[in-house]
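Here is what each chain is made of, one letter per residue.
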Amino acid sequence: MLTIFKKYSSMILLCLLLALPWTGKTLLFVKETALEPRYALIYLSSLGFAAIVASLLLIKRKFIAIASASALYALASLLLYADVMYQRYYNAIIRIELLAQVGQLKDIRSSIISLISGWDILYWIDVPLAAVAFFLFVKKTRPVQWKKQGLAFLSAGLAIILTISLSAFKFTYSDQYKISRGGIIPAHLYDIGWNVYKKAYFKQALVQKKSIEEIRETFKSRQEIQKSSPYFGKFSGKNIIMVQAESLNTFPIGLLVEGEEVTPNLNKLISESHYYPNTYLQIGRGNTSDAEFVANNSLYPIGYIGAYKGYPNNQYLSLPEVLNQYGYSTSVTHGNTPEFWNRQTAYKSQGYGEFYYRGHPEFKDDEIIGLGISDKSIFHQMAAMYKKENKPFFNFIVSLTSHRPFILDEKYQYLTLPSKLEGTSTGNYLQSIRYFDEALGEFIAELKEENIWDDSIFVVYGDHYGPLPTDQEEIRSLLGINFNQKTRFNIPLIIHHPGQTEPVANGGTGSQMDIYPTLTALLGIDDQLVQLGTTLDANHKRITGFAFETTRYSFFSDDYDYLASHEGVFEKGICIDNRTRKKTDVQLCREGYDDVYKDIRISTLLLENDYIGRIFDTGTLRATGKNK
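Note that the coordinates shown come from a computational prediction; the quantities given were computed from them, not determined experimentally.

## Details of the overall build of the protein
Part 1: When helices and strands are counted, the protein shows 21 helices and 20 strands.
Part 2: Relative to the globule expectation of 25 Å for 628 residues, the C-alpha radius of gyration of the protein, 27 Å, shows essentially globular dimensions.
Part 3: Dimensions of the protein, computed from C-alpha atoms along their principal axes, come out at roughly 90 × 60 × 55 Å.
Part 4: Counting only residues that meet the buried cut, the protein has 58% of its 628 residues in that class.
Part 5: Carbon and sulfur atoms make up 57% of the accessible area of the protein, which totals about 26,400 Å².

Laid out in structure tokens, this is it:
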């Protein structure tokens, strides 16, 4: 052993030293997740990575040796930093499959820049230093043969990394917990292996007849709840206009800044509509596109690269697909290009008859703000388009102007902000929301002028949170609002019934998954529907579960909130009694946990196996002519 150490002493010393900055960067990342790291295991995995990098320095040609080792270290650092940025926005680590979407970075570069902190230099400062160390090491070390010494260090490094990947993790662990236990490289390797196994497992699980029958019974029971709505069928044949508002949280609704309303038009709309203030997002890694998916399909957005990327060609019984079968003309509108987040393919699979986008022959690119056509332009053009639509129609608009980083030209800033808010992230966000509100107000006025308003169900909801968790202290300081997780996940949902003039507030817990069933209940559609959500107008127990954005199987409900543990063990989670807002016996959250677990499993089985179109064998009753 001593002989081996002497023979490889310089290499071993290099590995020990190289593992230190990599450990430091990993610990810095773990600190951002607020978890307790496993120091020894993280250093061991860093040592394994260091051995792999160091093995390249034994390549006979010095230039190639230095270049290879430096490139590998830099690429691994890029992966780590990509995880950091992804964690800040999506509360998860990046998936290798997302590398295929690198071409979209140019569209969201301003959003990415807004996530960068001055302290992030600590994630990069070691990269040039490592390159210098590699140069000095090779310069002072005699060239050796790669096959023996190089392969020995490569094998040792791989053995360490693979051992940690196979022994330190469980599939129930959250992304953050895996990194806190063993570092990013073992965590990524584990995820790759688990995803391969998972696809095979869920395919085998679905073919069991018992599973299929259980899923059918679940959907049938949800349909019975939809039929219990007091508004069931009252608006049969009415148009539907649904607006998904970019980055719209609930806290700006009704907010006054120096006596000025941030959302005067939304406030007015609420005063004559059904309002669901305790509605929550259920997005996944697709963010805005996953909000669209949930609202249109009433399923969890399973897929670590977003539903539109992960399952774009599946068969769906989505809201537009069902409305097509009931005589509606259906369309969707988005101000970016059709390729952005694979929308063209995804919208077609969901049954949309027409897709209006930037570059569409019937659509003008007359005002571009940020990522695409401005909200005002889109709303104005769609109001004119409705006059040509076959009736009844369903149009889904995805707004865009209030997208991060919330920087608007002065001519679009309608709020008069006090000096303490000027130039802050919070102030910029409020200006963006005020712009959307103004655009929406003009849209509603046009719909009334064109006699469309009173013949349409009008829906507005937020897609996801605007400010980030890092903005929590600023929002508390400037607005006096506690921007905790529940406030962050809270998005407004407003549904205006045709002819409605009085407000109706429904304070029950709701989610984006409930939008589709609430609408089909208003239309009186009694059919074989794939809906895990329920109408928000019926009197029943409500629960909003989460597959992403927080630890999986967490939920909010009227009675209890449950925060699942990072280890994925139910008993280690936290159950909160909403009457006292205090921690209570975790078993009181068991029923809700089991319900969320079952629904996430159903979503996974259906999406992974492309089984939605076959779950009822023949689709909807209307499609087979049984409900004429």
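## Topic: a nonpolar patch on the surface
Part 1: On the surface, a cluster of nonpolar side chains totalling about 650 Å² of accessible area is made up of Ile-96, Leu-158, Leu-162, Leu-166, Leu-189, Ile-192 and Val-196.
Part 2: Elements represented by at least two residues in the nonpolar patch include exactly helix H7 (146-167) and helix H9 (184-206).
Part 3: Along the chain, Ile-192 falls in helix H9.

## Here's the deal with the packing of aromatic side chains
Part 1: Counted under the stated rule, the structure contains 42 aromatic pairs.
Part 2: Taking the centre distance of 5.1 Å and the plane angle of 70° together, the rings of Phe-406 and Tyr-429 count as edge-to-face. Taken together, the residues Phe-406 in the loop between strand E10 (393-398) and helix H17 (425-449) and Tyr-429 in helix H17 connect sequence positions 23 residues apart.
Part 3: Under the relative-accessibility criterion, Phe-406 is labelled buried at 5%.
Part 4: Given the relative accessible area of 1%, Tyr-429 is considered buried.
Part 5: Consider the rings of Phe-546 and Phe-556, whose centres lie 5.0 Å apart with planes at 75°: the pair is edge-to-face. Taken together, the positions of Phe-546 in the loop between strand E16 (543-545) and strand E17 (555-557) and Phe-556 in strand E17 put the pair ten residues apart, joining distant regions of the chain.

## Some points on the sheet that holds strand E15 (residues 510-511)
In any sheet, the strands associate via hydrogen bonds between backbone groups, in a parallel or an antiparallel arrangement.
Part 1: One open sheet holds the three strands; their spatial order is E12-E5-E15, and the pairing between them is mixed. The strands lining the two open edges of the sheet, one partner per strand, are strand E12 (490-491) and E15.

Conventions and cut-offs
Residues numbered from 1 in each chain as written. Predicted model: local features only at pLDDT ≥ 70, side-chain atom pairs only at ≥ 80, totals over all residues. Heavy atoms only, no water. Helix = DSSP H or I, 4+ residues; strand = E, 2+ residues; numbered from the N terminus. Rg over C-alpha atoms; globule rule 2.2 N^0.38 Å. Buried < 20%, exposed > 50% of the residue type's maximum accessible area, 1.4 Å probe, protein only. Areas by Shrake-Rupley, 256 points an atom, 1.4 Å probe, with all protein chains shown as cover. Patch = residues over 30% accessible without salt bridge, like charges linked within 9 Å, V, L, I, M, F, W, Y side chains within 5 Å. Salt bridge = Lys/Arg side-chain N within 4 Å of Asp/Glu carboxyl O. Phe/Tyr/Trp six-rings, centres within 6.5 Å; stacked < 30°, edge-to-face > 60°. Pairing = 2+ DSSP bridges.

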